[in-house]
Amino acid sequence: MRQPIDLDYVRTAIVGTASPVLGVITSYQEQIEWHLRLASLLVGLAVGILSLVSMVRKVRRK
């Protein structure tokens, strides 16, 4: 028969895993923020370029 899940053990495991991850994120917060800003800029530029290409194609069809 299967043993019941020990919730205290699961909670301890989650906290024990999450604590170092949060420490790494905190120490690299500035670099992570810079990468996220750069990624959002690139996505915005890609959407703008695709919108421009779409508008040019519509104008050429008429």
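Quick note: structure is the one above.
Computed from a predicted model, the values in this text were never measured in an experiment. (Residues numbered from 1 in each chain as written. Predicted model: local features only at pLDDT ≥ 70, side-chain atom pairs only at ≥ 80, totals over all residues. Heavy atoms only, no water.)

Asks: What am I meant to see in a positive patch on the surface here?
Replies: A cluster of basic residues, Arg57, Lys58, Arg61 and Lys62, forms a positive patch on the protein surface. Structurally, Lys58 is set in helix H2 (residues 29-61). Note on Lys58: relative accessible area 54%, which makes it exposed. (Patch = residues over 30% accessible without salt bridge, like charges linked within 9 Å, V, L, I, M, F, W, Y side chains within 5 Å. Areas by Shrake-Rupley, 256 points an atom, 1.4 Å probe, with all protein chains shown as cover. Salt bridge = Lys/Arg side-chain N within 4 Å of Asp/Glu carboxyl O. Lys, Arg positive; Asp, Glu negative; His and termini not counted. Charge placed at Lys NZ, Arg CZ, Asp CG, Glu CD. Helix = DSSP H or I, 4+ residues; strand = E, 2+ residues; numbered from the N terminus. Buried < 20%, exposed > 50% of the residue type's maximum accessible area, 1.4 Å probe, protein only.)

Asks: Looking at this structure, how should I read a nonpolar patch on the surface?
Replies: Taken together, Val21, Leu22, Val24, Ile25, Tyr28, Ile32 and Leu36 make up a surface patch of nonpolar side chains, about 660 Å² in accessible area. Sorting elements by how many residues they give to the nonpolar patch places helix H1 (residues 7-27) first, with 4 residues. As for its position among the elements, Tyr28 is in the loop between H1 and H2. Residue Tyr28 is classed as partly exposed on the basis of its relative accessible area, which comes to 48%.

Asks: I keep staring at the environment of Gln31 and nothing clicks. Help me out?
Replies: One can find Gln31 in helix H2. For Gln31, a relative accessible area of 41% translates into the label partly exposed. Along the backbone, Gln31 and Tyr9 are 22 residues apart, and their C-alpha atoms lie at a distance of 34 Å.

Asks: I keep staring at the pattern of salt bridges and nothing clicks. Help me out?
Replies: Pairing between side chains becomes possible if they bear opposite charge and their charged atoms approach one another. Scanning the entire structure with this criterion turns up 2 salt bridges. Of the charged contacts in the structure, one is a salt bridge between Arg11 and Asp8, with a shortest N-O distance of 3.4 Å. Here Asp8 and Arg11 lie together in helix H1, a separation of 3 residues that amounts to about one turn. Note that Glu33 is salt-bridged to Arg37, the shortest N-O span being 2.8 Å.

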